[in-house]
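Single-letter residue listing:
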Amino acid sequence: MTLTERERAVVADGSDWIDAHADELFDLLDELVARSALSGEEGVHTDPDSPTGYLWEFLDERGDAIEVDVQPIADDYVDAPRENVYATLGPSRDDHRDGLGDAEGGLVCASHTDVVPAGEHADWPGGNPFSVTEGRVRHLDGTTVELDVGGKVHEREIRDKMARVWNKRAFDETEALVGRGVFDNKASSACLVGSLLALDAALAGRSIDLRGHLVHGHLVDEEVYQTGVKRMVGWNGGDDWFGDRYDPDGFAGVVLEGSYGFVPVVGHRGLLWVELEATGESAHASTPELGRNAVTGLSEALAAAGDGGAAEELGELFVTDDYLGDLTTAPGTTVVGGGVESVDPETRTVERSGLNSIPDWAEATFDLRVPRWQEFPDGAAEITDRVCERVEAMAADAAPEVEFEARVPERNYFPPAALGDGLDEAREHPLVETARAVTRSTFGYEPGVEIAPGVTDAAFLYHGTRMPTLVEYGPAGGLSHEALEYVERDQIVEGAKAMLELAVRQVGVGPGEATEESGDD
């Protein structure tokens, strides 16, 4: 874990490069926030007005030994073309593209290029969520922070885990940057870009080289179906950008997210969106006894599930998990059926037909947050079948006059991810120990470890490669998916330094090809 003399020199020179180019990193963040890119709108590398195009151009123009590549997203659920952007740095003598060379393993870092909708523009400084506005954030107490931005002071609540970082530090006020996507996840992209360019610059002209491969992926669609990371790792037999170029053995992964101030996050529960369809028999509403009402049948099934039936029925499939958290069920997150033709989301105006008919169809969704199962991590693809069987049986018991079909479409499934079998084991994992050492070195506090409340791209980065993966590691901030989303300003520069040091510690540097041939160490 201790850096060698040449590794310390690379980190020092790279950090100096980051300090000297800090304004460029803040400009990059400004430009990425200005390119809003909802999921499905991330764009392609030939369009500099898109975040994908801007990132590709920024890296391509500035890198020396960096290779920049793109991956068109095939078999997509959206019509607009979009691409993942990859930036890689590796041993100069090693041609990984042809499967040749000596270097094995390395580090994969992933960020995402999409954002969620901004909501009411009037709730943002100057009425513009897609412009970075400078301000200050103060920690008042517990989970309460105060944002001073745009000439107004706003008191807001942040998640408990995001508040913990304040207790680790010697200050309770710092500069903040506000804008949609600035925390989730443009700041992480800026940290990755800064660290890669700094490492490239620090290695240039030296007779040393990386001992392994550094791979950065700026991925689409994390906020919806995580299509980008699935295509990166070839999930379910799809495109496999990573597997076509590298052997995952010896690699480790880190998902960069707006998080808890570079605290290693070691696991999260999985997510299943179960679709439960009820089929009955239509009849005239004046003679309801001649039909089988799918809506009332589905309602009875949801009521039974909501009374604890779903947790009881499904709990046997999963382990009691003090590590990631227990199974939770939310039946009826969406419901539709009968003669409902459409709903206006703003006015909630419903267009109906068949008001005088007994409905023969209805459908609802269940949100299931699932811990590990007995065979974890094996059986990731089979667990959905077992869940569906149990949901169908539970619904049939509640409403036997109606037929039920439960399904989890491929895009509705996000498996849990975890390092080790518990927090104690996770703390001792080499990747976690390295990340904690980096945080102590860069930020000056002991970060500990955390569990994420929701799923990240680690769900598929881990299961698609089986490389040990931090499910989150990234800058401090808050209010993601809310108005006044913010990131702490100093986390951009210091975060780039942290990712630089993490890469050097994890991948290592050693004598370059010319040095090895001459025998000079």
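Right above here is the structure, for reference.
Please read all numbers here as calculations on a predicted model, not as lab measurements.

A. How the structure looks around the packing of aromatic side chains. Inspection of every chain in the model, using the stated rule, returns 15 aromatic pairs. Measuring from centroid to centroid gives 4.9 Å for Trp-235 and Phe-460, while their planes differ by 75 degrees, and the two rings are edge-to-face. Of this pair, Trp-235 sits in the loop between helix 6 (227-233) and strand 10 (251-255) while Phe-460 sits in helix 11 (residues 458-465), and the two are 225 residues apart along the sequence. For the pair formed by Trp-235 and Phe-460, the shared burial category is buried. Ring pairs connect the aromatic residues Tyr-86, Trp-241, Phe-242, Tyr-246 and Phe-251, which therefore count as one cluster. Here the basic side chain of Arg-169 rests over the ring of Trp-166, its NZ or CZ set 4.5 Å away from the ring centre.

B. Representation of the nonpolar core within the structure. With 152 residues, the main nonpolar core has Leu-199 and Val-387 as its most contacted residues. By residue number, the principal contributor to this core is helix 5 (residues 182-203), which donates 13 residues. Sequence-distant contacts of Val-387, that is, excluding residues within four places in its chain, are made with Leu-272, Val-274, Leu-314, Leu-317, Phe-318 and Leu-368.

C. Quick look at the environment of Arg-390. Tracing the backbone through its elements, the reader meets Arg-390 in helix 8 (residues 383-398). Through-space distance from the C-alpha of Arg-390 to that of Val-509 is 52 Å; in sequence the pair is 119 residues apart. In contact with Arg-390, other than residues within four places in its own chain, are Glu-313, Leu-314, Glu-316 and Leu-317. A polar contact of 3.3 Å, which involves the side chain of Arg-390, links it to the side chain of Glu-316.

D. Broad picture of the pattern of salt bridges. Under the counting rule described, the total for this entry stands at 34 salt bridges. Note that Glu-375 and Arg-386 form a salt bridge whose closest N and O atoms lie 3.5 Å from each other. Of this pair, Glu-375 sits in the loop between strand 16 (361-370) and helix 8 while Arg-386 sits in helix 8; the two residues are 11 residues apart in sequence, bridging distant segments of the chain. We note a salt bridge from Glu-494 to Lys-497, for which the minimum N-O separation is 3.4 Å. Residue Glu-494 and its partner Lys-497 are both found in helix 12 (residues 490-507); the two are separated by three residues, about one turn of the helix. According to the relative accessible area criterion, Glu-494 is partly exposed, its value standing at 22%. Members of the salt-bridge network, linked through shared partners, are Arg-136, Arg-138, Glu-146, Asp-148 and Glu-173.

E. Seen up close, the environment of Leu-423. With respect to the helices and strands, the residue Leu-423 is situated in helix 9 (residues 423-427). Considering only alpha carbons, one finds Leu-423 and Tyr-323, 100 residues apart in sequence, at a separation of 6.4 Å. For Leu-423, the contacting residues outside a window of four places in its chain are Val-266, Tyr-323, Val-449 and Ile-451.

F. Expanded view of the environment of Gly-308. Along the chain, the position of Gly-308 falls in helix 7 (residues 294-315). Residue class for Gly-308 comes out partly exposed when judged on its relative accessible area of 31%. For the pair Gly-308 and Thr-329, spaced 21 residues apart in sequence, the C-alpha separation works out to 8.5 Å.

G. Seen up close, the packing of helix 7 against helix 8. Put simply, helix 7 and helix 8 touch, their axes get as near as 10 Å, and they point 135 degrees apart. In this view, helix 7 runs oblique relative to helix 8, as classed from their interaxial angle. Read as a crossing pair, helix 7 and helix 8 show a hand that is right-handed. Residue-level inspection shows Glu-300, Ala-301, Ala-304, Ala-305, Gly-309, Ala-310, Glu-313 and Leu-314 of helix 7 in contact with helix 8, the latter providing Val-387, Arg-390, Val-391, Met-394, Ala-395 and Ala-398. Of the residues that constitute the contact of helix 7 with helix 8, the class distribution is 10 nonpolar, one polar and three charged.

H. Representation of the sheet that holds strand 10 in the model. Taken in spatial order, the six strands of this open sheet run 1-2-9-3-10-20, and their pairing is mixed. Across the chains shown, the open sheet's two edge strands, defined by having one partner strand only, are strand 1 (67-72) and strand 20 (469-470). Two elements, strand 2 (residues 83-89) and strand 9 (residues 213-219), share five bridges in a ladder whose sense is antiparallel. If you follow Ala-87 over to strand 9, its bridge partner there is His-216.

I. Molecular detail of the side chain of Asp-457. Tracing the sequence through the fold places Asp-457 in the loop between helix 10 (430-443) and helix 11. For the buried Asp-457, no salt bridge is present, and the opposite-charge side chain at shortest range is Lys-230, 8.8 Å distant. Not counting residues within four places of it along the chain, the set of residues in contact with Asp-457 comprises His-112, Leu-219, Glu-222, Gln-226, Val-229 and Val-255.

J. Focus on helix 2 (residues 22-34). Over its 13 residues, helix 2 runs 19 Å from end to end, which matches the ideal 18 Å to within 8%, given 1.5 Å per residue. Inspection of helix 2 places Ala-22, Leu-25, Phe-26, Leu-28, Leu-29, Leu-32 and Val-33 among the buried residues, and these make up the whole buried set. Projected down its long axis, helix 2 shows its buried positions confined to an angular sector of 155 degrees, all on one face. Those residues of helix 2 hidden inside the fold are in contact with helix 1 (5-20), helix 3 (51-62), strand 7 (173-178), helix 5 and helix 12.

Quick notes on the rules
- Residues numbered from 1 in each chain as written.
- Predicted model: local features only at pLDDT ≥ 70, side-chain atom pairs only at ≥ 80, totals over all residues.
- Heavy atoms only, no water.
- Phe/Tyr/Trp six-rings, centres within 6.5 Å; stacked < 30°, edge-to-face > 60°.
- Helix = DSSP H or I, 4+ residues; strand = E, 2+ residues; numbered from the N terminus.
- Buried < 20%, exposed > 50% of the residue type's maximum accessible area, 1.4 Å probe, protein only.
- Lys NZ or Arg CZ within 6 Å of the ring centre and 35° of its normal.
- Core = buried A, V, L, I, M, F, W, Y, C linked by side-chain atoms within 4.5 Å.
- Contact = heavy atoms within 4.5 Å.
- Polar contact = N/O pair within 3.5 Å; in protein donor to acceptor, adjacent residues only side chain to side chain.
- Salt bridge = Lys/Arg side-chain N within 4 Å of Asp/Glu carboxyl O.
- Axes fitted to C-alpha atoms, helices over the stretch in contact; angles between N-to-C directions.
- Parallel < 35°, antiparallel > 145°, perpendicular 65-115°, else oblique.
- Left-handed = near helix turned anticlockwise from the far one by under 90°.
- Nonpolar A, V, L, I, M, F, W, Y, C, P; charged D, E, K, R; others polar.
- Pairing = 2+ DSSP bridges.
- Lys, Arg positive; Asp, Glu negative; His and termini not counted.
- Expected span 1.5 Å × (residues − 1).
- Arc of directions from axis to C-beta.

Remember that the coordinates give geometry; whether it matters functionally is a separate question.
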